[in-house]
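Structural overview
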Amino acid sequence: MISKKMAEALNEQLNKELFSAYLYLSMSAYSEHIGLKGFANWFYVQYQEEMTHAMKFYKYILDQGEQVKLKAIEQPDQEFESPLDMFEKTLEHEKFITKSINDLVDLAIQEKDYATHTFLQWFVTEQVEEEASVNEILDQLKLVQNSGNGLFMVDKELGSRTFQP
Ligand code: OFO
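Residues numbered from 1 in each chain as written. Predicted model: local features only at pLDDT ≥ 70, side-chain atom pairs only at ≥ 80, totals over all residues.

Once that is clear, we can look at the environment of His33. Residue placement: His33 occurs in helix 1 (residues 4-33). Among the residues examined, His33 registers 11 C-beta atoms within 10 Å and is labelled exposed. Sequence spacing of His33 and Glu79 is 46 residues, and the spatial spacing of their C-alpha atoms is 9.9 Å. (Helix = DSSP H or I, 4+ residues; strand = E, 2+ residues; numbered from the N terminus. Buried ≥ 20, exposed ≤ 12 C-beta atoms within 10 Å, placed from the backbone.)

Printed below as a string of structure tokens:
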């Protein structure tokens, strides 16, 4: 049993996770369009992960006997200045999501909602990993700057990422 306010906040988060998926799918499509297959793969895996995040919220809301309310998903950017630009925007977005998860934890504490607090801990840990892995790739991209060879190497590495459900 969760409060109506919490159900509404979790539905908002479900929407944000669906937007994350949509944003990374857009980045995957753009990477494919400019011939960076490895980047396209990385963002496609990221899209798949975000869908699993969204579905965790979906299932939790239902498990708590509340209604899932699907809202409109905002249109993501369709074009990006460079691979670096995509990862800068990814980090910026993940920081926004981290803040949003932290706000949900605050609400769970305020409401003494221990079940939701526990449910959210997986996301708290996941956000640390997400930001760390994006930061690592950003560092590599800053190192290679505009070198074609460097970009080729990073693209190769990003091509090896696989989806772990
Ligand atoms: Fe769902 O972690 Fe990224 O957005």
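The rest of the description comes next.
Attention now goes to the UniProt feature "domain: Ferritin-like diiron" (unreviewed entry) in the protein. Summarizing the sequence annotation, UniProt attributes the feature "domain: Ferritin-like diiron" (unreviewed entry) to residues 1-145 in the numbering used throughout. End C-alpha atoms of residues 1-145 are separated by 51 Å, and the span's content is 80% helix alongside 0% strand. (UniProt positions renumbered as here; feature names shortened; annotations may be inferred.)

Moving on, we get to helix 3 (residues 83-110). Compared with the 40 Å implied by 1.5 Å per residue over 28 residues, the 41 Å span of helix 3 between its first and last C-alpha is a close match. Turning to helix 3, its buried residues number three or more, namely Pro83, Met86, Phe87, Thr90, Ile97, Leu104 and Ala108. The secondary structure elements touched by the buried residues of helix 3 are helix 1, helix 2 (37-63), helix 4 (114-144) and helix 5 (148-158). (Expected span 1.5 Å × (residues − 1). Contact = placed C-beta atoms within 7 Å.)

In a regular helix each residue adds 1.5 Å, so 31 residues correspond to 45 Å; helix 4 covers 46 Å between its end C-alpha atoms and thus fits that length. Residue Leu120 marks the point of greatest curvature in helix 4, where the axis turns by about 30°. All of the buried residues in helix 4 are Thr116, Phe119, Leu120, Phe123, Glu130 and Ile137. (Bend = angle between axes of the 7 residues up to and from the residue.)

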